Amino acid sequence: MTRRIAVLGGGESGVGAAVLAKVKGMEVWLSDMGAIAPRYKQRLDEYGIDWEEGGHTEEKILAADEVVKSPGIPDSAPIMVKIINKNIPVISEIEFAGRYTDAKMVCITGSNGKTTTTLLTYHILKDAGLNVGLAGNVGASLAYQVATAHHDVYVIELSSFQLDNMYDFKANIAVILNITPDHLDRYDHKMQNYVNAKFRILQNQTKDDSFIFWEDDPVIAEQLKHIKVEAQMLPFSEIAEEGAKAYKDGDEVVFNAEGHTDFTMPVGELALTGLHNLYNSMAAGLSASLLDIRKEVIRKALSDFEAVEHRLEYVATINGVRYINDSKATNVNSCWYALESMKTPVVLILGGKDKGNDYSEIEKFVEQKVSAIVCMGKDNEKIKAFFAGKVPVIADTHSINDAVVQASHLAKEGDTVLLSPCCASFDLFKSYEDRGRQFKEEVHKLTNIS
């Protein structure tokens, strides 16, 4: 009897899962409550996959043997409640794809730095000549690649949402960069639920697998007191703490992946600057070391990697003021890392859809480094109330144009205007990418009025 698969969500993840199911001979129905992009409709049609948009045909979905759910759909969605009540198994696209490949999996999660570390790791492995795929929240979906290509290794960025519906999938190398409060509205506002989701990356690992993590993260350290880790543990740290396999020693960064590639390189030669990027480079370097890539290749790739768009991305210098796009900073901890790396006075653009933010985490840096805050959102009252009296100027704006113009007026020569919003983008923008690109456009417009 032909297996019936329902796929919820018609984006990169869902369409990839549908293609893989079709290639494997299953009966597939893809459904999206919203609109499906034309390129994905074309791909579905190419493979003869039945699909719908703008609503769910419940009888077709509830007739499935298994549901592959896109990560953005919460279990509280009405269709999900019915699926769960009917006891239909629900899995993620990553879980589904993992059934059909024996490639090595390098899997990276964390509240901040996932994309940079994933792309940096992929850059190293590609430079080394490995047959490597890039998947998860970046690149083509894992399922689509498994259906249409062959790779020996995949580097996969995993969000907590993706990890929620993964059960038998195994990471050969698992990386947890850090854990700070994020997406708590999806986890009943309980931090431990979010932590548990992140640590699902370790499930099914054995002594032959590896776990790379930031040794000084208090949340990770606390969780490790209560669980048993089967994999080889490779912590990294800013200093040479006991057990650290990557650390900073003076002006050198040391990589010591016992029994694999060991090497050192000057911190100043790392392509990515700032403490957060030192950690990202350590995690990527250790991952590459475990795959026995030559140290010369790792050093070169760590030194010539180009930064990720929307993450501390230099935009322009206008009238002596540097403009930096950090739109990917959708939580407070990301903004902390951005401010930590700033060496000049800052005009900080904050705001958007607040996810229950606690701004006290960046309070010290704001008082030390920020000369003005420009609020940019539909509702800026929480930000204005928290920082009142802590910075000389707080400007209230409700569009990207007004925010950039206000920031340009408040910044002095030698300052940095930093878009690092701490918030999700969905109040004024389609996505953090949309926000970042609009910011860059508005900055470049300043050259015409300055």
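Conventions used here
- Residues numbered from 1 in each chain as written.
- Predicted model: local features only at pLDDT ≥ 70, side-chain atom pairs only at ≥ 80, totals over all residues.
- Heavy atoms only, no water.
- Helix = DSSP H or I, 4+ residues; strand = E, 2+ residues; numbered from the N terminus.
- Rg over C-alpha atoms; globule rule 2.2 N^0.38 Å.
- Buried < 20%, exposed > 50% of the residue type's maximum accessible area, 1.4 Å probe, protein only.
- Contact = heavy atoms within 4.5 Å.
- Areas by Shrake-Rupley, 256 points an atom, 1.4 Å probe, with all protein chains shown as cover.
- Lys, Arg positive; Asp, Glu negative; His and termini not counted.
- Charge placed at Lys NZ, Arg CZ, Asp CG, Glu CD.
- Pairing = 2+ DSSP bridges.
- Axes fitted to C-alpha atoms, helices over the stretch in contact; angles between N-to-C directions.
- 1 Å grid on protein atoms, 1.4 Å probe; cavity = no way out; pocket = protein on both sides within 12 Å on 5 of 7 lines; lining within 4 Å.
- Points joined across faces, edges and corners; volume = space filled by probe spheres on them.
- Nonpolar A, V, L, I, M, F, W, Y, C, P; charged D, E, K, R; others polar.
- Polar contact = N/O pair within 3.5 Å; in protein donor to acceptor, adjacent residues only side chain to side chain.
- Parallel < 35°, antiparallel > 145°, perpendicular 65-115°, else oblique.
- Left-handed = near helix turned anticlockwise from the far one by under 90°.
- Salt bridge = Lys/Arg side-chain N within 4 Å of Asp/Glu carboxyl O.

Engineer: Would you mind showing me how to read the overall build of the protein chain here?
Structural biologist: Helix and strand counts for the protein chain come out as 17 helices and 20 strands. Taken over C-alpha atoms, the radius of gyration comes to 23 Å for the protein chain, in line with the 22 Å a tight globule of 450 residues would show. Here the C-alpha coordinates of the protein chain stretch approximately 70 × 55 × 40 Å along the principal axes. Residue burial in the protein chain is summarised as follows: out of 450 residues, 56% are buried. Looking at the protein chain alone, contacts between residues at least 24 apart form 67% of all its contacts between residues at least 6 apart. Surface exposure of the protein chain reaches about 18,700 Å², of which carbon and sulfur atoms provide 48%. Computed over 47 positive and 64 negative side-chain charges, the separation of the two mean positions in the protein chain equals 2 Å.

Engineer: What should I look at first to understand the sheet that holds strand β18 (residues 370-376) in this one?
Structural biologist: In sheet architecture, strand pairing relies on hydrogen bonds along the backbone and comes in two forms, parallel and antiparallel. The six strands lie next to each other as β15-β16-β20-β17-β18-β19, forming an open sheet whose pairing is mixed. Since the sheet does not close on itself, it has two edges, and those belong to β15 (313-318) and β19 (393-397), each with one partner. The average angle at which neighbouring strand axes cross in this sheet is 20 degrees, direction not considered. In the sheet, strand β16 (residues 321-325) pairs with strand β20 (residues 416-419) via four bridges, with the strands oriented parallel. Residue Ile324 lies in a different strand from β20, and its bridge partner there is Leu418. Contacts from helix α13 (residues 332-340) reach β17 (346-350), β18 and β20, with the element oriented near 165 degrees to β17.

Engineer: Teacher, can you tell me more about the sheet that holds strand β2 (residues 27-32) here?
Structural biologist: Taken in spatial order, the five strands of this open sheet run β3-β2-β1-β4-β5, and their pairing is parallel. Taken across any chain shown, the strands that pair with only one partner, and hence form the sheet edges, are β3 (50-53) and β5 (90-91). Of the pairings in the sheet, the one linking β2 to β3 comprises four bridges and is parallel in character. From the neighbouring strand, Leu30 faces β3, where its bridge partner is Trp51. Most of the contacts of helix α4 (residues 78-85) go to strand β1 (residues 4-8), to which it runs at about 150 degrees, and overall it touches β1, β4 (66-69) and β5.

Engineer: Looking at this structure, how should I read unusual backbone geometry?
Structural biologist: Its identity is not glycine, yet Asn204 carries a phi of approximately 75 degrees, on the positive side. Position of Asn204 among the secondary structure elements: in the loop between α9 (191-199) and β10 (210-214). A positive phi angle is found at His310, which is not glycine, with a value near 75 degrees. Of note, His310 is situated in the loop between α12 (295-304) and β15.

Engineer: I'm lost on empty space enclosed by the protein in this one. Help?
Structural biologist: Over the atoms, a rolled probe matching the size of one water molecule traces out where space is still vacant. Evaluation of the coordinates by the stated rule reveals two cavities of 30 Å³ or more. Taken together, 13 residues line the largest cavity, and the ones lying closest to its centre are Asn112, Asn178, His276, Asn280 and Tyr337. With four residues, the single largest contributor to the lining of the largest cavity is helix α11 (residues 275-290). Residue composition of the lining of the largest cavity, by class: five nonpolar, seven polar and one charged. Roughly 40 Å³ of volume is contained in the second largest cavity. Considering the residues around the second largest cavity, the lining is formed by Cys107, Leu158, Leu163, Met166, Phe169, Lys170, Ala171, Arg200, Ile201 and Gln203. Of the residues in the lining of the second largest cavity, the class split is seven nonpolar, one polar and two charged.

Engineer: Please clarify how the layout of surface pockets should be interpreted in this entry.
Structural biologist: Space inside the second largest pocket adds up to approximately 610 Å³. Lining the second largest pocket are 29 residues, with Leu272, Thr273, Gly274, Asn277 and Ser341 positioned closest to its centre. Elements with a contribution of two residues or more to the lining of the second largest pocket: α11 and β16. It is α11 that provides the largest number of residues to the lining of the second largest pocket, a total of four residues. A breakdown of the residues in the lining of the second largest pocket according to their chemical character gives 13 nonpolar, nine polar and seven charged.

Engineer: Help me understand the side chain of Glu442 in this model?
Structural biologist: Mapped onto the secondary structure, Glu442 falls in helix α17 (residues 432-449). Judged by relative accessible area, Glu442 falls into the buried class, the value being 10%. Polar contacts involving the side chain of Glu442 include one to the side chain of Lys445, which spans 3.1 Å. The contact partners of Glu442, leaving out residues within four places of it in the chain, are Ile400, Asn401 and Val404.

Engineer: Would you take a moment to explain the packing of helix α6 (residues 114-127) against α12 for this structure?
Structural biologist: When two helices pack together, their arrangement is given by the angle between their axes and by how far apart the axes lie. Packing of α6 against α12 leaves a shortest axis separation of 9 Å and a crossing angle of 135 degrees. Here α6 is positioned oblique relative to α12, judged by the angle of their axes. α6 and α12 meet at a crossing whose hand is right-handed. Along the contact surface, α6 presents Leu120, His123, Ile124 and Asp127, while α12 presents Val297, Ile298, Lys300, Ala301, Leu302 and Asp304. Considered class by class, the residues forming the contact of α6 with α12 number six nonpolar, one polar and three charged.

Engineer: It is not clear to me how the pattern of salt bridges should be interpreted in this structure. Could you clarify?
Structural biologist: Pairs may arise between side chains of opposite charge once their charged atoms sit close together. All chains considered together, the criterion is met by 21 salt bridges. Lys82 is paired through a salt bridge with Glu58; the nearest N and O atoms lie 2.8 Å apart. Within this pair, whereas Lys82 is found in helix α4, its partner Glu58 is found in helix α3 (residues 58-61), the two being separated by 24 residues in sequence. Exposure remark for Lys82: the relative accessible area of 36% places this residue in the partly exposed category. Its salt-bridge partner being Lys445, residue Glu442 comes within 3.1 Å of it at the nearest N-O pair. On the criterion of helical spacing, the pair formed by Glu442 and Lys445 is a turn pair, its members being three residues apart in helix α17. We classify Lys445 as partly exposed; its relative accessible area is 44%. When salt bridges with common partners are traced through the structure, they connect Glu309, Glu313, Arg437 and Lys440 into a single cluster.

Purely geometric stuff here, so don't read any function into it on its own.
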